[in-house]
Amino acid sequence: MIKGFKEFILRGNVIDLAVAVVIGAAFTAVVNAIVASIITPLIEIFWKADENGVPGIPVPDIYGGTVTFPIGGLITAVVSFLAVAVVVYFAFVMPMNLWKARQAARAGVREPEAAPAPTEQELLVQIRDLLEQQNKTRP
């Protein structure tokens, strides 16, 4: 029973999913604080905030007013995602992959060698042969 549980837990996709969910949720608050205190003010240097306090690109609308495209929110979301992804990868995914590679090396498991890729000339010959077959089968 414990051996089965150990195999289930050590399966790569279970560990990757658990790590991504837990670390992503925990690290989001830190990233949001950094983005709110550093990135958003930098964005506001280039794009003035509208009357609602949303930085973005103001565009005149057809009624004489302006519409602000909230580019700051988009940049904030992208920076937050990249920061979380980098931390999750370097703190958890990369060490887990190294650990798996060491376990496979201890067990003597080797990756099968890939067949050599066909040359350009061989591919062209195969294409020619397939086209000839298609032309013969057409009425």
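(A) Highlighting the overall build of the protein. Check the secondary structure of the protein and you find 4 helices and 2 strands. Within the protein, the proportion of its 139 residues that are buried is 14%. Of all intrachain contacts in the protein linking residues separated by at least 6 positions in sequence, the fraction that spans at least 24 positions is 45%.

(B) Inspection of the confidence of the model for the protein at higher detail. With 87% of its residues at a pLDDT of at least 70, the protein reaches an overall mean of 78. The secondary structure element of the protein with the lowest average pLDDT is helix α1 (residues 2-9), at 74, and the one with the highest is helix α4 (residues 120-137), at 87.

(C) Summary view of a nonpolar patch on the surface. A grouping of Val30, Ile34, Ile38, Leu42, Ile45 and Phe46 is seen on the molecular surface, where their side chains present a nonpolar patch of about 610 Å² in accessible area. Within the secondary structure layout, phenylalanine 46 lies in helix α2 (residues 12-46). Taking the relative accessible area as the measure of exposure, phenylalanine 46 reaches 65% and is therefore exposed.

(D) Spatial organisation of the nonpolar core. Residues Val19, Ile23, Val31, Val35, Val84, Val88 and Val93 constitute the largest nonpolar core, which totals 7 residues. Where this core is concerned, the elements lending two or more residues are α2 and α3 (71-107). Top contributing element to this core by residue count: α2, with 4 residues. Ignoring anything within four residues of it in the chain, the contact list for valine 88 reads Val19, Ala20, Ile23, Gly24 and Val93.

(E) Spotlight on the pairing of strand β2 (residues 66-69). Here 4 bridges tie strand β1 (residues 57-60) to β2, and the two strands are oriented antiparallel to one another. Residue isoleucine 57 lies in a different strand from β2, and its bridge partner there is phenylalanine 69. Between β1 and β2, which pair antiparallel one after the other, the connecting turn spans 5 residues, and glycine 64 there sits at a positive phi close to 95 degrees.

(F) A look at the packing of aromatic side chains. Scanning the model with the defined rule gives 1 aromatic pair in all. Centre to centre, the rings of tyrosine 89 and phenylalanine 90 are 5.0 Å apart; their planes meet at 80 degrees, and the pair counts as edge-to-face.

(G) A look at the pattern of salt bridges. Under the counting rule described, the total for this entry stands at 2 salt bridges. Linking arginine 128 and aspartate 129 is a salt bridge whose minimum nitrogen-to-oxygen distance equals 3.1 Å. Given a relative accessible area of 44%, arginine 128 falls into the partly exposed group. Judged by its relative accessible area of 32%, aspartate 129 is partly exposed.

(H) Summary view of α3. Compared with an ideal rise of 1.5 Å per residue, which puts 37 residues at 54 Å, α3 spans 51 Å between its outermost C-alpha atoms and is within 8% of the ideal. At tyrosine 89, α3 shows its largest bend, some 40 degrees. Turning to α3, its buried residues number three or more, namely Gly72, Thr76, Ser80, Val84, Val88, Val93 and Met96. One or two steps after α3, the chain reaches glycine 108, where phi turns positive at roughly 80 degrees.

(I) Structural detail: the environment of arginine 106. Structurally, the position occupied by arginine 106 is in helix α3. Under the relative-accessibility criterion, arginine 106 is labelled exposed at 68%. In this structure the side chain of arginine 106 is engaged in a polar contact, spanning 3.1 Å, whose partner is the side chain of glutamine 103.

Rules behind the numbers
- Residues numbered from 1 in each chain as written.
- Predicted model: local features only at pLDDT ≥ 70, side-chain atom pairs only at ≥ 80, totals over all residues.
- Heavy atoms only, no water.
- Helix = DSSP H or I, 4+ residues; strand = E, 2+ residues; numbered from the N terminus.
- Buried < 20%, exposed > 50% of the residue type's maximum accessible area, 1.4 Å probe, protein only.
- Contact = heavy atoms within 4.5 Å.
- pLDDT = per-residue confidence, 0-100.
- Patch = residues over 30% accessible without salt bridge, like charges linked within 9 Å, V, L, I, M, F, W, Y side chains within 5 Å.
- Areas by Shrake-Rupley, 256 points an atom, 1.4 Å probe, with all protein chains shown as cover.
- Salt bridge = Lys/Arg side-chain N within 4 Å of Asp/Glu carboxyl O.
- Core = buried A, V, L, I, M, F, W, Y, C linked by side-chain atoms within 4.5 Å.
- Pairing = 2+ DSSP bridges.
- Phe/Tyr/Trp six-rings, centres within 6.5 Å; stacked < 30°, edge-to-face > 60°.
- Expected span 1.5 Å × (residues − 1).
- Bend = angle between axes of the 7 residues up to and from the residue.
- Polar contact = N/O pair within 3.5 Å; in protein donor to acceptor, adjacent residues only side chain to side chain.

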